[in-house]
Amino acid sequence: MSRVPEPGQGGEPRRWIGDRSRREPERSRKEPERPRRDADRPSRRDADRSRRESERPRREVVTSPRTLAPRHPRYPVTREIDEQTRLGEIYMRSLIRTQFRLALFVCTVLGCVVGGLPLLFLLVPDLRAVRLLGIPLPWAVLAGLIYPAFVAGAWLYVRQAERNERHFAELVDRAR
Amino acid sequence: MNTAYGMTAVVLVVLAAVLIGAFGIRLSRTTSDFYVASRTVSPLWNASAIGGEYLSAASFLGIAGLILTYGADMLWLPVGWTGGYLVLLVLVSAPLRRSGAYTLPDFAEARLESMAVRRMAGVLVVLIGWLYLMPQFQSAGLVLRAITGAPEWAGGLLVAAVVAVNVMSGGMRSITFVQAFQYWLKLTALAVPLIFLLLAWRGGGAPGLNARDAAVWALPLAGDREYGLYSTYSLILATFLGTMGLPHVLVRFYTNPDGRAARRTTLVVLSLLGAFYLLPAVYGALGRIYVPELEGSDTVVLALPGHLIGGVAGDLLTALVTAGAFAAFLSTSSGLTVSVAGVIGQDILKGGVRSFRAAAVLAVIVPLALAAAARSLPVADVVGLAFAVAASSFCPLLVLGIWWRRLTPAGAMAGLLAGGGLACLAVLMTIGGGPHSGLLGALLAQPAAWTVPIAFLVMVVVSLLTPSRIPPNVARTMVRLHTPETLDLDRGDWRPRSS
């Protein structure tokens, strides 16, 4: 898919992409993990520092006028994603994998609860006769308690999914 | 039962629906308005509208009837119809909104870049829509006959006519207001009589179930139903996975401003549905105590107020329940008609407002004819079959399409054909030739447990066998589906054709 580079930046950024995509495998191992973690604000500065450290040896071999270039990558991650570089792909895959694992986790819990109940009632018949506030247990669970549980699960999911997205947005925006 | 009260209730609901619909006429001017209400509807309105649209005759009348008949095993039906939204929330809601698709065929086209898949998805939307509409019209006939003694076709015709006019004149915007109104009406119409019923029940010494019912009916997997465990699991699978594949539900998600709002709307929907589904089980249990002779029919909700309370109060409460039932017929039928008409209008006719109107007529006439011709099954059972078809066709398409890059058009088509086709076959054999007995009967009456895995398997295997046909822009589509809208990214230039 061919895309026109942004005006003003001519062909130069293209060389940059090549540079970056050649060296990004070593970075990629750390970067994509981040959106999954909860405590990111303190770790953000650490990550910056560690990246600076990892870049330090490379600075010595740069002899072109680029030595005056700022240390941070000037190339926004959004453009990496837009131009579908390997780095951009890694960012995208990390986001999708994080959200998919969250979804799968919720579905697994749901499957265990919902799939387990009939089996439980079948294997432990005495459980069916237990009464909760005068109501048979199967009715108390299936006609009452399970609904608030659904809402609680959904609320927790929404919170975590939005958090994941916020982390991804910070990660992508930070490189600007 | 006093006919005048019931008639008044029906007339009032129909009139309200038409008036609210007419209120929307001024607001809908362009084709886009007709389809998505310009995306200016707030989350609570939107969630109420989804709830109003979703709670059909099957929820309002059918569940209580089935619980009265079969007991605790049927409690899974409302659980699945609510839990389906949890699955929809985590797997589908935000990416689907971000895809920018109005309808399921739109999504198929956007994700797989294939008109053939789009057409096949369109055919399935129409089939599921008709299968879902048919029992709504049948129930409307049943209720109108019970209330006024009118012939059975009259109720269905009344609902079909109101829906067609409403959809043709107002489009989606008016439908959103009608639907939101209908949810609250339905909740009131079921909750208020229930309070009086429970008071009457306590006043009458709070009688319990008879000994045999307490030992068999009230316990899950206790009756002499053959293959009860299989049926329970199949029902769970169909309802949990089928919700995301219902055409009238997905259209609503486009009315959210962004993916985040889509998630939050789904959360509100879950709460609204959870509140509603607390009620039918109580009706079912009270019905088992007081009117066990209604076993096998859908009318227990209508019969209880008159039986337990009687007098003018009983008549008024029955009228309220009747109003709720008609709200259920009207709202679900409207939503389905919008979806089916949208597909027919865009993909079969030329598109545009005039085609949409012609398609709306077509969308209600076919199920109306089917309702007259087909044998009458419990409404919740037929709706359950529609869920099974949706679970074995659109669920794999959506889940794999959103989360798996290697899905190919060939794989999607093969999966839709295998899963949807087998499920449709089971439905035809159950409705047309059934009821069958033994294992075959159980497999055909609850097909989801085998058709859903087949659909997923076929979709994955055929996709893996055709790696060269992975859509070229899949990476861009994934950006579109999964990144928050606040980020300034290139999401491709695909637009739904209906805009």
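Note that the coordinates shown come from a computational prediction; the quantities given were computed from them, not determined experimentally. (Residues numbered from 1 in each chain as written. Chains lettered and ligands numbered in written order. Predicted model: local features only at pLDDT ≥ 70, side-chain atom pairs only at ≥ 80, totals over all residues.)

Undergrad: Got a sec to walk through the overall build of chain A? Specific residues and values, please.
TA: What chain A contains, in helices and strands, is 6 helices and 2 strands. Along chain A, helices (α) and strands (β) appear in the sequence α-α-α-α-α-β-β-α when read from the amino end. Burial statistics for chain A: of 176 residues in total, 24% are counted as buried. The long-range fraction of contacts in chain A, counting pairs at least 24 apart against all pairs at least 6 apart in sequence, stands at 67%. (Helix = DSSP H or I, 4+ residues; strand = E, 2+ residues; numbered from the N terminus. Buried ≥ 20, exposed ≤ 12 C-beta atoms within 10 Å, placed from the backbone. Contact = placed C-beta atoms within 7 Å.)

Undergrad: Now, about the overall build of chain B: what can you tell me, with residues and values included?
TA: Within chain B, the secondary structure is distributed over 20 helices and 0 strands. With respect to the three principal axes, the spread of C-alpha positions in chain B is 70 × 55 × 40 Å. Across the 499 residues in chain B, those meeting the buried criterion constitute 63%. Contacts in chain B between residues far apart in sequence, at least 24 positions, make up 81% of those at least 6 positions apart.

Undergrad: Tell me about helix α6 (residues 137-174) of chain A, and please be specific about residues and values.
TA: With 38 residues, α6(A) should cover 56 Å at 1.5 Å per step; its first-to-last C-alpha distance of 52 Å lies within 8% of that length. Along α6(A), the sharpest change in direction is near 50° and occurs at A:L145; proline A:P148 comes one to four residues later. (Expected span 1.5 Å × (residues − 1). Bend = angle between axes of the 7 residues up to and from the residue.)

Undergrad: So what about the environment of B:Q179? Which residues, and what values?
TA: Residue and element names in this part refer to chain B. Topologically, Q179 is positioned in helix α8 (residues 152-203). For the pair Q179 and R202, spaced 23 residues apart in sequence, the C-alpha to C-alpha distance is 35 Å. Dropping the residues within four chain positions of it, Q179 is found in contact with A49, G52, E53, S331 and G335.

Undergrad: Run through the interface of chain A and chain B, naming residues and quoting values.
TA: Residue-level contacts link 40 residues of chain A with 41 residues of chain B. Among the secondary structure elements, those contributing two or more residues to the side of chain A that touches chain B are α3 (77-82), α4 (86-123) and α6 of chain A. With 20 residues, α6(A) is the single largest residue contributor to the side of chain A that touches chain B. Within the side of chain A that touches chain B, the residues separate by chemical class into 30 nonpolar, 5 polar and 5 charged. (Nonpolar A, V, L, I, M, F, W, Y, C, P; charged D, E, K, R; others polar.)

Undergrad: Provide a residue-level description of the environment of B:T322, including the pertinent values.
TA: All names here are of chain B. Positionally, T322 belongs in helix α14 (residues 311-348). On the neighbour-count criterion, T322 (27 C-beta atoms within 10 Å) is buried. Spatially, the C-alpha atom of T322 lies 6.7 Å from that of A9, the residues being 313 residues apart in sequence. Setting aside residues up to four positions removed in sequence, T322 forms contacts with G6, A9, V10, V143, I147 and L302.

Undergrad: Describe the packing of α14(B) against helix α15 (residues 353-373) of chain B, and please don't skip the residues or the numbers.
TA: Two measures define how a pair of helices packs: the angle their axes make with one another and the distance between the axes. Residue and element names in this part refer to chain B. The interhelical angle for the contact between α14 and α15, taken along N-to-C directions, is 125°, at an axis separation of 8 Å. Looking at the two axes, α14 sits oblique to α15. With respect to the hand of their crossing, α14 and α15 are arranged in right-handed fashion. Contacts between α14 and α15 involve T337, V340, A341, G342, I344 and G345 from the first element and S355, F356, A359, A360, L362, A363 and V364 from the second. (Axes fitted to C-alpha atoms, helices over the stretch in contact; angles between N-to-C directions. Parallel < 35°, antiparallel > 145°, perpendicular 65-115°, else oblique. Left-handed = near helix turned anticlockwise from the far one by under 90°.)

Undergrad: Break down the nonpolar core for me, with residues and values.
TA: Residue and element names in this part refer to chain B. Within the largest apolar cluster, 216 residues are counted, with the highest numbers of intra-cluster contacts made by L75, L131, A386, V389 and A391. At 20 residues, helix α7 (residues 115-148) tops the list of elements feeding residues into this core. Setting aside residues up to four positions removed in sequence, L131 forms contacts with L385, A386, V389 and V427. (Core = buried A, V, L, I, M, F, W, Y, C linked by C-beta atoms within 7 Å.)

Undergrad: Let's hear about the packing of helix α4 (residues 57-70) of chain B against α14(B): which residues, and what values?
TA: Residues and elements named next belong to chain B. Following both chains from N to C, one finds α4 and α14 inclined at 130°, their axes separated by 7 Å at the closest point. In terms of axis orientation, α4 runs oblique to α14. Here A57, S59, F60 and L61 of α4 lie close against α14, whose contacting residues are G324, A325, A328, F329 and T332. Considering only residue class, the contact of α4 with α14 consists of 6 nonpolar, 3 polar and no charged.

Undergrad: Describe unusual backbone geometry, and please don't skip the residues or the numbers.
TA: Residue and element names in this part refer to chain B. In this structure, E113 takes a positive phi of about 50° despite not being glycine. Position of E113 among the secondary structure elements: in the loop between α6 (104-112) and α7. Judged by the 17 C-beta atoms lying within 10 Å of it, E113 falls in the partly exposed class.

Undergrad: Can you explain the environment of B:T430? Please cite residues and give values.
TA: Residue and element names in this part refer to chain B. One can find T430 in helix α17 (residues 409-433). Through-space distance from the C-alpha of T430 to that of G441 is 7.9 Å; in sequence the pair is 11 residues apart. Non-local contacts of T430, meaning those with residues more than four positions away in its chain, are made with L385, L444 and A445.

Undergrad: For the confidence of the model for chain A, give the residues involved together with the corresponding values.
TA: Across chain A, the average pLDDT comes to 70, with 57% of residues at or above 70. A low-confidence stretch, residues 1-42 of chain A (pLDDT under 50), is modelled with 35 contacts involving residues beyond four sequence positions or located in other chains. (pLDDT = per-residue confidence, 0-100.)

Undergrad: So what about the confidence of the model for chain B? Which residues, and what values?
TA: For chain B, per-residue confidence averages 84 on the pLDDT scale, and 92% of positions sit at 70 or higher. Averaged pLDDT values for the elements of chain B fall to 51 in helix α2 (residues 31-36) of chain B and rise to 94 in helix α19 (residues 448-465) of chain B.

Undergrad: Mind laying out α19(B), listing which residues take part and the relevant values?
TA: All names here are of chain B. Taking 1.5 Å as the rise per residue, α19 with 18 residues should run 26 Å; its terminal C-alpha atoms sit 25 Å apart, in good agreement. For α19, the set of buried residues is A448, A449, T451, V452, A455, V458, M459, V462 and S463. Of the surrounding secondary structure, the elements contacted by the buried residues of α19 are α10 (228-242), α16 (379-403) and α17.

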